[in-house]
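Per-entry structural report
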Amino acid sequence: MTKLRKMSTTWCAGALLAPVLLCHAAQADERTTACAGAAATSAAGPTATEILQVDYESGTLDSGVPGLTTTHATAPDASAVVRPGHDSSYAVQHKVTLDDPGYVSDGAPRSESATDQLKNGQFNVGDVQRYEFSVLLKDWQPYTAGDSETGDIVFQGKYGDAQPPAFYLMTKRNAIAFRSPQMDRQSTVVPDFRPYVDQWMNFRVDADWTTDDTGYFRVSVQLPGQCDYVPEAAWEDIRTYQPAKPTDHGYLKWGLYRPSESIANGDVPTRIVEHDDIRVFDLS
């Protein structure tokens, strides 16, 4: 579903709930009531234009958005639409089992969806955008001492032409980190996700895409029980758009990418992640 609309960039989570299943309606109402006070006292932020929404309420892997790319992995359960979603009917689920060719996509162990073919899912120099999305770590096996310390990537802002990403969010040990490989810089945004396994966590990334040192990345997180997003990382006055080779755009990917992991290294063989409510806003 793609739409344009004006909205405040500061809100309580209850204000943006998708149509809910009847069995979740009471819970949603309780959250809305509990967060009403926080919303009333929250300072009004600048307006933003929503330019893309992927909510999977169509019940299909492309969320009813023509051009949304789905996984190239061949295993029948590498990607699926599942119920329920983030206070909604549906979400997308991606699964990767290491050392199994059915879960290899474009030469690596991954299963992801992408906006490369969507004009309103791309970013270019001069864009100022917000990316919001919900993530659920399904039956996630936690890190214990002695385990491999490599990470699983669950969301990327990636350059075109098969280049390394501008940024990504990854699970590493029992934390979630925001990283930019081009800057060799990383910030922890969820210090310990173990209390939230099998629960929805909401993320927001604001990006000012520049080729000089005037850009920024700002990351906020809303964990279960929180009424609003909490700022967790802010990288200011940086060059955000710096692909390894010329490219005319970047785009978003979500799912599961396990680039440095293998069973030989002692990594967990199978991981599953769910995503829902992927939104792109124009902040310019």
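This section reports on the structure supplied with the text.

Cut-off values and rules
Residues numbered from 1 in each chain as written. Predicted model: local features only at pLDDT ≥ 70, side-chain atom pairs only at ≥ 80, totals over all residues. Heavy atoms only, no water. Helix = DSSP H or I, 4+ residues; strand = E, 2+ residues; numbered from the N terminus. Buried < 20%, exposed > 50% of the residue type's maximum accessible area, 1.4 Å probe, protein only. Contact = heavy atoms within 4.5 Å. Areas by Shrake-Rupley, 256 points an atom, 1.4 Å probe, with all protein chains shown as cover. Pairing = 2+ DSSP bridges. Polar contact = N/O pair within 3.5 Å; in protein donor to acceptor, adjacent residues only side chain to side chain.

**Things to note about the overall build of the protein**
In terms of regular secondary structure, the protein is built from one helix and 17 strands. Out of the 284 residues belonging to the protein, those deemed buried represent 54%. Put simply, 68% of the contacts in the protein that link residues at least 6 apart link residues at least 24 apart. Carbon and sulfur atoms provide 51% of the accessible area of the protein, an area that totals close to 12,100 Å².

**Observations concerning the pairing of strand β11 (residues 175–180)**
Most of β11 sits inside the fold, with six of its six residues counted as buried. Between the antiparallel neighbours strand β10 (residues 165–172) and β11 lie two residues, among them R173 with a positive phi of about 55°. Looking at chain direction, β11 and strand β12 (residues 185–190) are connected through five bridges and run antiparallel. Counterpart to F178 in the pairing with β12 is S187.

**What about the side chain of H86?**
Within the element layout of this structure, H86 appears in the loop between β3 (79–82) and β4 (91–97). Setting aside residues up to four positions removed in sequence, H86 forms contacts with S134, W200, N202, D276 and D277.

**Section: the environment of Y56**
Along the chain, Y56 falls in the loop between β2 (47–54) and β3. The sequence separation of Y56 and Y90 amounts to 34 residues, and the corresponding C-alpha distance is 5.6 Å. Non-local contacts of Y56, meaning those with residues more than four positions away in its chain, are made with L61, S63, L68, Y90, A91, V92, S113, W254, H275, D276 and I278.

**Examining the side chain of S134**
Considering the arrangement of structural elements, one finds S134 in strand β8 (residues 128–138). Only 3.3 Å separates the side chain of S134 from the side chain of H86, close enough to count as a polar contact. Within the structure, S134 has its side chain in polar contact with the side chain of N202 (distance 2.7 Å).

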